[in-house]
Amino acid sequence: MAEPVELFCWGGGWDLPSVHTDSLVVLAYVKFSGAKLAVKSIDWTWRTITASVPQLHYEGTTVTEPTQILNFLRKQRFNADFELTAKQGADTMAYIALLEEKLRPTLLHTFWVDAENYANLTRPWFTSHSPFPLNFFVPGRQASLALSRILLTKAESPLLNITEVEGKIYSEAKECLNLLSHRLGNFHFFFGDTPTSLDAFVFGHIAPLFKAPLPSGQLQKHLNQLDNLCQFCNAILKNYFTDPPAEKRMDCSPTANHDPVDANLQKLTQLVNKESNLIEKMDDNLRSSPQHRPHRHETKPLALAGERISTPP
Amino acid sequence: MSLAAEAFVSQIAAAEPWPENATLYQPLKEDQILLSDSASSLAVQTFLRMCGLPVLVSCRANAEYMSPSGKVPFIHVGNQVVSELGPIVQFTKAKGHSLSDGLDDVQRAEMKAYMELVNNMLLTAELYIQWCDDHTATEISRPRYSSPYSWPLNHILAYQKQWEVRRKMNAIGWSGKSLEQVYEDVSQCCQALSQRLGTQPYFFSKQPTELDALVFGHLFTILTTQLTNDELAEKVKSYTNLLSFCHRIEQTYFKEHERESQSGSSRHSKGSLP
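Residues numbered from 1 in each chain as written. Chains lettered and ligands numbered in written order. Predicted model: local features only at pLDDT ≥ 70, side-chain atom pairs only at ≥ 80, totals over all residues. Heavy atoms only, no water.

What should I look at first to understand a nonpolar patch on the surface in this one?
Taken together, the side chains of Phe132(A), Phe136(A) and Phe137(A) define a hydrophobic patch exposed on the protein surface, amounting to about 420 Å² of accessible area. Counting through the fold element by element, Phe136(A) comes out in the loop between helix 5 (115-128) and helix 6 (138-154). (Patch = residues over 30% accessible without salt bridge, like charges linked within 9 Å, V, L, I, M, F, W, Y side chains within 5 Å. Areas by Shrake-Rupley, 256 points an atom, 1.4 Å probe, with all protein chains shown as cover. Salt bridge = Lys/Arg side-chain N within 4 Å of Asp/Glu carboxyl O. Helix = DSSP H or I, 4+ residues; strand = E, 2+ residues; numbered from the N terminus.)

Following this line, the structure appears as structure tokens:
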């Protein structure tokens, strides 16, 4: 390619390279496939309201939407799905559809419609990352788009009321997370040991939910109980999104070329993570278990009382 | 419905066996029903046949308004009304009939994912072609949808439905797509289904599941419905294992029904598979 290819995304925050799901999907795929792009953040520019993010600019043409961008990158021979069989390719399409239908409405709700999260986390972040005078309009527009999407796709037609839909979409999202967890099992990635486009999509959807400091996050709590998905996120962040000088021991993080990851070190890190997760979980269980501490009933965490859905299998 | 209400309904459902007079309601077959509704209705009928549960099909002009969620088809069983394939599958499961019990967790995840793929791509494409493509909407969808009603109600209802569907397409980002892109998406979806099916008789090898019912419902309807052009049907026909899959299910579950209803096949539907 003669000219550099430019990718416009929302900027980073909350320990992530980008806070926007679609941008994250494309960024992850770019890392997995080793494509060389110039990533430009649209924060504090007029593109926050004019552009549909993420956007790829190449020799005058513009490509939007994650699936189109991934297709474009594949045509330029940056293909992370090279080793997949036909059936695995079909599975990829199916799981991406599952994410779009079941998980995305709930993610939109969690970040844009839930009043506490929107007022305390999402709106301040987007307002602070938009230029004046757009900072008055950008979050509100996104929020109304999110609300209309949820209502039009999920609400039953005479009852266009968000509260009735909430229970349904949250339970569907939890089921979706459980299904993803079952499918991932004990593997590093969804199709063996190398990440593919499905891993990029799952990462893009789950990472903001995992990392954002949400004030009211019942879905986040559910995600934290699914250890393998949490480790999946952490592994991708560590291996593909940390800069080499920042990590002294992890000199194996590949940047734009396919350096082989030090498998032993990765396994050790994951084991340590798993251990600490298990210990935390045990500690939580012990603290909240009623039969062991009957006289400390009044200090039982409120979160447990509010849980309608039991822990996943 | 809230979760507590759903659990309560399941409990009530589990109490009674499947009655003989269960009825499935859909819009009028000859004049009114459209491609997407016909596909959903056929999927539900196929699912119930696969479970071996008898159901009478009743065609009503106001089926959409009778339905609790506004979507057809819906079934009336005992004193409960359930609409759409997902809740109907859960309802029959509560009554003790299930096709997917033999699947393990990973397979169940795959099945749900593929069902979402069909809903996301095929159903949305059908809705797009019916209501967002001006030619089809003017020639077929609006006249058929409003045929039971007199002027001016027919115009009002048809345009209202079209506006609703276009709003939905806008919300999910399909309004920017051209017709060719939609056909391309359908083709990719069929390719994925074809690759998943491979040479097996059903998607999960031995036994049919709700995924087979859903795929059959959509593909059979696409193949046997006459639209303004045949491009959609051609896209499906290019995958031979999907064609033989449809033939097989038609032969297994609908043979007697087809023989009875041959005389009643409408101008809109071409009857059995070519």
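Explanation requested: the interface of chain A and chain B in the structure shown.
By a widely used convention, the size of an interface equals the accessible area lost when the partners come together. Residue-level contacts link 25 residues of chain A with 25 residues of chain B. At the boundary of chain A with chain B, total buried surface from both sides reaches about 2500 Å², with 63% on carbon and sulfur atoms. Of all residues in chain A, the largest losses of buried area upon contact with chain B belong to Met93(A), Leu152(A) and His182(A), amounting jointly to 21% of the total for that side. Put simply, chain A and chain B have three salt bridges between them. A salt bridge links Lys102(A) to Glu116(B); the shortest N-O distance between them is 3.5 Å. For the pair chain A and chain B, the number of links is four residue pairs in polar contact (both at pLDDT 80 or more). For the side of chain A that touches chain B, the secondary-structure elements that each account for two or more residues are helix 4 (86-113), helix 6 and helix 7 (162-184) of chain A. Per element, the largest residue contribution to the side of chain A that touches chain B is 12 residues, and it comes from helix 4 of chain A. Broken down by class, the residue content of the side of chain A that touches chain B amounts to 10 nonpolar, five polar and 10 charged. (Contact = heavy atoms within 4.5 Å. Buried area = accessible area lost by both parts, 1.4 Å probe. Polar contact = N/O pair within 3.5 Å; in protein donor to acceptor, adjacent residues only side chain to side chain. Nonpolar A, V, L, I, M, F, W, Y, C, P; charged D, E, K, R; others polar.)

How should I be thinking about the environment of Pro54(A) in this particular structure?
Residue and element names in this part refer to chain A. Mapped onto the elements, Pro-54 comes out in the loop between helix 2 (47-50) and strand 3 (55-58). Looking at Pro-54, the relative accessible area reads 1%, which means it is buried. Taking the C-alpha atoms as reference, Pro-54 lies 26 Å from Phe-191; in sequence the two are 137 residues apart. Other than its neighbours up to four places away in sequence, Pro-54 contacts Leu-7, Phe-8, His-20, Asp-22, Ser-23, Val-26, Val-63, Thr-64, Glu-65 and Ile-69. (Buried < 20%, exposed > 50% of the residue type's maximum accessible area, 1.4 Å probe, protein only.)

How do you make sense of the side chain of Thr110(A) when you look at a structure like this?
Residues and elements named next belong to chain A. Here Thr-110 shows up in helix 4. Of note is the side chain of Thr-110, whose polar atom sits 3.2 Å from the side chain of Tyr-170. Aside from chain neighbours lying at most four places away, what touches Thr-110 is Asn-117, Tyr-170, Leu-209, Leu-214 and Leu-219.

I tried to follow the nonpolar core on my own but got confused; where do I start?
If you look at the biggest cluster of nonpolar residues, it comprises 162 residues, and the most contacted ones within it are Leu73(A), Leu180(A), Phe203(A), Ile206(A), Ile75(B), Leu193(B) and Phe245(B). When residues of this core are assigned to their parent elements, the largest contribution, 15 residues, is made by helix 5 (residues 105-132) of chain B. Three or more residues apiece are contributed to this core by two domains, here domain 1 (3-94) and domain 2 (105-260) of chain B. Each residue touching Leu193(B), except ones within four places of it in the same chain, is listed here: Tyr114(B), Val118(B), Leu122(B), Phe203(B), Val215(B) and Leu242(B). (Core = buried A, V, L, I, M, F, W, Y, C linked by side-chain atoms within 4.5 Å. Domains from an automatic or database assignment.)

Even after reading the chapter, I still don't get the confidence of the model for chain A, so can you show me in this structure?
The predicted coordinates of low-pLDDT regions are not to be read in fine detail. Residues and elements named next belong to chain A. Summarising the model, chain A shows a mean pLDDT of 78, and 82% of its residues fall at 70 or more. Mean pLDDT in chain A bottoms out at helix 12 (residues 302-306), which sits at 44, and peaks at helix 8 (residues 197-211), which reaches 90. Confidence drops under pLDDT 50 across residues 296-311; counting only partners more than four residues distant or on other chains, this segment forms nine contacts. (pLDDT = per-residue confidence, 0-100.)

Even after reading the chapter, I still don't get helix 8 of chain A, so can you show me in this structure?
Think of an α-helix as turning once every 3.6 residues; residues three or four places apart then point the same way. End to end, helix 8 of chain A covers 21 Å across 15 residues, agreeing with the expected 21 Å (1.5 Å per residue, within 8%). Burial within helix 8 of chain A is extensive, with 14 of its 15 residues counted as buried. (Expected span 1.5 Å × (residues − 1).)

Just checking my understanding: could you explain the sheet that holds strand 2 (residues 56-59) of chain B for this structure?
The pairing of strands in a sheet happens through backbone hydrogen bonds and is either parallel or antiparallel. Residues and elements named next belong to chain B. Spatially, the four strands line up as an open sheet ordered 2-1-3-4, and their pairing is mixed. Of all the strands in the sheet, just strand 2 and strand 4 (80-83) have a single pairing partner and so form its edges. Between one strand and the next, the sheet's axes are offset by a mean angle of 25°, whatever the strand orientation. Strand direction decides the pairing type here: strand 1 (residues 23-26) and strand 2, joined by four bridges, are parallel. Residue Leu-24 lies in a different strand from strand 2, and its bridge partner there is Val-57. This element, helix 4 (residues 85-94), spans strand 3 (74-77) and strand 4 of the sheet and lies at about 135° to strand 4. (Pairing = 2+ DSSP bridges. Axes fitted to C-alpha atoms, helices over the stretch in contact; angles between N-to-C directions.)

Is there a simple way to explain the UniProt feature "domain: Metaxin glutathione S-transferase" (unreviewed entry) in chain A in this structure?
Residues given the UniProt feature "domain: Metaxin glutathione S-transferase" (unreviewed entry) here are residues 173-236 of chain A. With 69% helix and 0% strand, residues 173-236 of chain A has its two end C-alpha atoms placed 22 Å apart. (UniProt positions renumbered as here; feature names shortened; annotations may be inferred.)

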